[in-house]
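Below, each chain spelled out in residue letters.
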Amino acid sequence: MGAKSGSTGGTGDADRHIGRRALIVGGTAAALGTAVLARDELARLWWRTPGVEKPREEGAVDYAGARWVAASDANWRRADRPDDFGIDMVIVHVTQGSFASAVKAFQDPGHQAATHYIVGQDGHVTQMIRELDVAYHAGNREYNERSVGIEHEGFVDRPKDFTDAMYAASARLTAGICARYEIPVDREHIIGHVEVPGTDHTDPGPHWDWDRYMKLVRRAATSGPSGSPSAGPSNGPSRSGV
């Protein structure tokens, strides 16, 4: 979420629509054959065909130790990443509120936004959208499709909110994401919401210590398999108010 420098309408609706090319896939393919469609387009759209659905395991998480709490399906779009959209970026957000308020917002279908993860000040990690799906978090469709979004509990103007436990947990999470998708651990690929083109948000703000955070991510990336994905469903550790 994060503080805004101005007001804009929700972008979830525009992101959620299939789009003109997707709507004509069936008719065009039948009339002209698959040769008229790019292979990458077909790869992105195969699972939209009636009766075709990528297998899902309820409650499964992508990060070991994360707790699963589902976001409203109005705040994300089903996908098959990285097969349909490559993932090459992690975007850092700040909630501008409590952990519980962020969860509540992401479960509200009218919010039209959510991130894949929320990291609490105590270091607990909650996953609300699978990494293979597109979350409406960046305010930019292209960046939504190519990124994983991570919220951090707190306010951009309160440096005390960015605790040692939060930095450490988020760094391990980001390192695991980078390892899964071979994302370079650098500031071109790990960015703040404020750096997304066209955004009206300012998070994570001037008090987010990027030098410290990147050092922790690099350390976590070379220290072991803490960021390996979970093998199945997980409710993880409980949190009060969630």
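Anything mentioned here points back to the structure above.
Residues numbered from 1 in each chain as written. Predicted model: local features only at pLDDT ≥ 70, side-chain atom pairs only at ≥ 80, totals over all residues. Heavy atoms only, no water.

A. Focus on the overall build of the chain. Regarding its fold elements, the chain presents seven helices and eight strands. Residues classed as buried in the chain amount to 49% of the 242 residues present. Looking at the chain alone, contacts between residues at least 24 apart form 78% of all its contacts between residues at least 6 apart. (Helix = DSSP H or I, 4+ residues; strand = E, 2+ residues; numbered from the N terminus. Buried < 20%, exposed > 50% of the residue type's maximum accessible area, 1.4 Å probe, protein only. Contact = heavy atoms within 4.5 Å.)

B. Geometry of unusual backbone geometry. With omega at 0°, the peptide bond leading from arginine 81 into proline 82 counts as cis. Note that proline 82 resides in the loop between strand E2 (76–77) and strand E3 (89–92). Looking along the chain, the bond that leaves aspartate 203 and enters proline 204 is cis, with omega of 10°. Here proline 204 is to be found in the loop between strand E8 (190–192) and helix H7 (210–223). Positive phi is not limited to glycine here, since glutamate 182 has a value of about 55°. Tracing the backbone through its elements, the reader meets glutamate 182 in the loop between helix H6 (164–181) and E8. By relative accessible area, which is 72% here, glutamate 182 ends up exposed.

C. The side chain of serine 170, seen in detail. The topology assignment puts serine 170 in helix H6. Since its relative accessible area comes to 0%, serine 170 is described here as buried. With near-sequence residues (within four places) excluded, serine 170 lies in contact with Val119, Ile150, His152 and Tyr213.

D. The side chain of threonine 199, seen in detail. Among the secondary structure elements, threonine 199 is positioned in the loop between E8 and H7. One polar contact links the side chain of threonine 199 to the main-chain amide nitrogen of histidine 201, over a distance of 3.1 Å. Among residues more than four places away in sequence, those in contact with threonine 199 are Ala138, His193 and Val194. (Polar contact = N/O pair within 3.5 Å; in protein donor to acceptor, adjacent residues only side chain to side chain.)

E. Spatial organisation of the packing of H6 against H7. At a minimum axis separation of 8 Å, H6 and H7 run at an interaxial angle of 50°. Classified by the angle between their axes, H6 and H7 sit oblique to one another. For H6 against H7, the interelement crossing comes out right-handed. Here Asp164, Tyr167, Ala168, Ser170, Ala171, Arg172, Thr174 and Ala175 of H6 lie close against H7, whose contacting residues are Arg212, Tyr213, Leu216, Val217, Ala220 and Ala221. Among the residues making up the contact of H6 with H7, the classes are represented as nine nonpolar, two polar and three charged. (Axes fitted to C-alpha atoms, helices over the stretch in contact; angles between N-to-C directions. Parallel < 35°, antiparallel > 145°, perpendicular 65-115°, else oblique. Left-handed = near helix turned anticlockwise from the far one by under 90°. Nonpolar A, V, L, I, M, F, W, Y, C, P; charged D, E, K, R; others polar.)

F. Highlighting the environment of valine 148. Tracing the backbone shows valine 148 in strand E7 (residues 147–152). Considered as a pair, valine 148 and tyrosine 117 are 31 residues apart in the sequence and their alpha carbons are 8.3 Å apart. Beyond its immediate stretch of four places on either side in the chain, valine 148 contacts Arg81, Ile87, Met89, Val90, Ile91, His116, Tyr117, Glu131, His137 and Ile177.

G. A look at the pairing of E3. Residues Met89 and Ile91 point to one face of E3 and Val90 and Val92 to the other, with burial holding for every one of them. Of the strand pairs in this sheet, E3 and E8 are connected by three bridges, and their pairing is parallel. Residue pairing across strands places valine 90 opposite isoleucine 190, the latter belonging to E8. (Pairing = 2+ DSSP bridges.)

H. Representation of the sheet that holds strand E1 (residues 67–68) in the model. An order of E1-E5-E4-E7-E3-E8 is seen for the six strands of this open sheet, with the pairing classed as mixed. The open sheet is flanked by E1 and E8, the only strands paired with a single partner. Where strand E4 (residues 117–119) and E7 come together, three bridges link them in parallel fashion. Pairing of isoleucine 118 across the sheet is with glutamate 151, part of E7. Of the strands in this sheet, E4, strand E5 (125–127) and E7 touch helix H4 (residues 99–106), which is tilted by about 170° from E4. Relative to E8, H7 is tilted by about 150°, and along the sheet it contacts E3 and E8.

I. Up close: the pattern of salt bridges. Throughout the structure, instances matching the rule amount to 10 salt bridges. Where aspartate 133 meets arginine 56, a salt bridge forms, and the shortest distance between an N and an O atom there is 2.8 Å. Of the two residues, aspartate 133 is situated in the loop between E5 and strand E6 (134–135) and arginine 56 in the loop between helix H3 (39–45) and E1; the sequence distance between them amounts to 77 residues. Exposure remark for aspartate 133: the relative accessible area of 2% places this residue in the buried category. The partner of glutamate 145 in a salt bridge is arginine 141, and the shortest N-O contact between them spans 3.1 Å. Here the residue glutamate 145 and the residue arginine 141 both occupy positions in helix H5 (residues 141–146), the gap between them amounting to four residues, near one helical turn. Take glutamate 145: its relative accessible area is 12%, and that puts it in the buried class. Shared partners join several salt bridges into a network, and the residues in it are Arg77, Arg141 and Glu145. (Salt bridge = Lys/Arg side-chain N within 4 Å of Asp/Glu carboxyl O.)

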